[in-house]
Amino acid sequence: MPRFYRSKRFISGLSLLSSVQCIIALTWLNKKPRKHDFTIKYKKHKRTLRAVVRGMHIKSDLQSVLELAAGDCYNLDAIRWNPDWVIDCGGNTGLFSLAAASYWPICNILCFEPLPENAALITRQLQNNGLLTRVKLIQAAVGDLSRSAKFFVREANQGSLGSATNFCRSIDVDVLRLWDIYSPIRSKTVLIKMDVEGAEFDILRDFFIQESIGQVAFLLEVHGDCMQQKMLLADARNAGFVGGYWEKASETAHLFLAGPEGEWQLQFERLIEKLLPD
């Protein structure tokens, strides 16, 4: 491998590469253990961003880079709508909040992340991109009930409130109910991104039964098998939401939901047609 590919210039210039080249480059970096953190520069919606990748967690962090820096796994580029608020449930390494701040420069952003190491990284990401005053970071998990609970950690960016999957350690975390977070701002237009490793089923069941749901849209990574995914979509539609899955696999899928206000839903018809398969 030529020395150039090991240079900071190469790492900071990944955004200039094609998607295929970027994947190849990051795959190579992933195979080379690094003792020190490094920064990748990339563009989102005409804004240059800087993402810190932790050397000791390079595999997990580069997965986030592939999905949210090199890629657009939540299809933000397709959304032609300006939310007043964005709620990032499962902040991970902070790259979704960075992207949201780029796409919607005047919206308010709440980012929830329970892992102390990830919360510290998100703070670095916000500081490096001049977003400490734009994005409010709350070190807590999001759930269907406010409480203290065990959080089961797997990889650096992987963990959940459930212990069904093998885990390496557990920590005590604060859990905040999503409806309690959303309710004070429900008179505004709100976009909620959710990647909470299986807790989305209980969270949304609690959310769907509430009254006075306003103009809210969800971008979700849904876990569980196909039957669970179908039941979640059925519950959403019974609650008046429109939407569907645009990527489905045996254990994970991406789900878009909008609703339940009828006239407000109309602006999402073209997005739904674009995202969802026939």
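Draft legend 1. Local environment of the confidence of the model for the chain. With 80% of its residues at a pLDDT of 70 or more, the chain shows a mean pLDDT of 84. Low pLDDT, under 50, characterises residues 1-18; the predicted model gives this stretch 26 contacts beyond four residues in sequence or across chains.

Draft legend 2. Structural detail: the sheet that holds strand β6 (residues 141-143). One open sheet holds the four strands; their spatial order is β6-β9-β7-β8, and the pairing between them is mixed. Of all the strands in the sheet, the pair left with one neighbour each is β6 and β8 (159-160). As judged from the three bridges shared by β6 and strand β9 (residues 169-177), these two strands associate in the parallel manner. Counterpart to G143 in the pairing with β9 is R177.

Draft legend 3. Highlighting unusual backbone geometry. At K46, a position not held by glycine, the phi torsion is positive, near 70°. On the basis of relative accessibility, which here comes to 82%, the residue K46 falls in the exposed class. Its identity is not glycine, yet E197 carries a phi of approximately 55°, on the positive side.

Draft legend 4. Main features of the pattern of salt bridges. One pass over the full model with this rule turns up nine salt bridges. Between K193 and D88 there is a salt bridge, with its nearest N and O atoms 2.8 Å apart. Of this pair, K193 sits in strand β10 (residues 190-194) while D88 sits in strand β3 (residues 85-89); the two residues are 105 residues apart in sequence, bridging distant segments of the chain. Judged on exposure class, the residue K193 and its partner D88 are both buried. Several salt bridges share partner residues, and in doing so they unite R177, D180 and D206 into one network.

Draft legend 5. Inspection of the packing of aromatic side chains at higher detail. Considering all chains together, one arrives at eight aromatic pairs under this definition. Summarising the aromatic geometry, the rings of Y103 and W104 are spaced 5.9 Å apart at their centres and angled 45° between planes, so their arrangement reads as tilted. For the pair Y103 and W104, a shared accessibility class is recorded, and that class is buried. Look at F218 and F241: their rings are 6.1 Å apart centre to centre, the planes differ by 55°, and that puts the pair in the tilted class. Within this pair, whereas F218 is found in strand β11 (residues 216-223), its partner F241 is found in the loop between α8 (226-238) and β12 (242-248), the two being separated by 23 residues in sequence. Considered together, F218 and F241 belong to a single accessibility category, that of buried residues.

Draft legend 6. Spotlight on the nonpolar core. Grouped together as the largest cluster of nonpolar side chains are 39 residues, with contacts concentrated most on L76, V86, L95, W104 and L219. Elements that contribute at least two residues to this core include exactly β1 (38-44), β2 (47-53), α3 (58-68), α4 (95-103), β4 (108-112), α5 (116-128), β11 and β13 (252-259). Sorting elements by how many residues they give to this core places α4 first, with seven residues. Among all residues touching L95, those that are not within four sequence positions of it are Y42, A51, S64, V65, L68, A69 and Q125. I185, I192, A199 and I203 belong to the second largest nonpolar core, which has 36 residues in total.

So, how was this worked out
- Residues numbered from 1 in each chain as written.
- Predicted model: local features only at pLDDT ≥ 70, side-chain atom pairs only at ≥ 80, totals over all residues.
- Heavy atoms only, no water.
- pLDDT = per-residue confidence, 0-100.
- Contact = heavy atoms within 4.5 Å.
- Pairing = 2+ DSSP bridges.
- Helix = DSSP H or I, 4+ residues; strand = E, 2+ residues; numbered from the N terminus.
- Buried < 20%, exposed > 50% of the residue type's maximum accessible area, 1.4 Å probe, protein only.
- Salt bridge = Lys/Arg side-chain N within 4 Å of Asp/Glu carboxyl O.
- Phe/Tyr/Trp six-rings, centres within 6.5 Å; stacked < 30°, edge-to-face > 60°.
- Core = buried A, V, L, I, M, F, W, Y, C linked by side-chain atoms within 4.5 Å.

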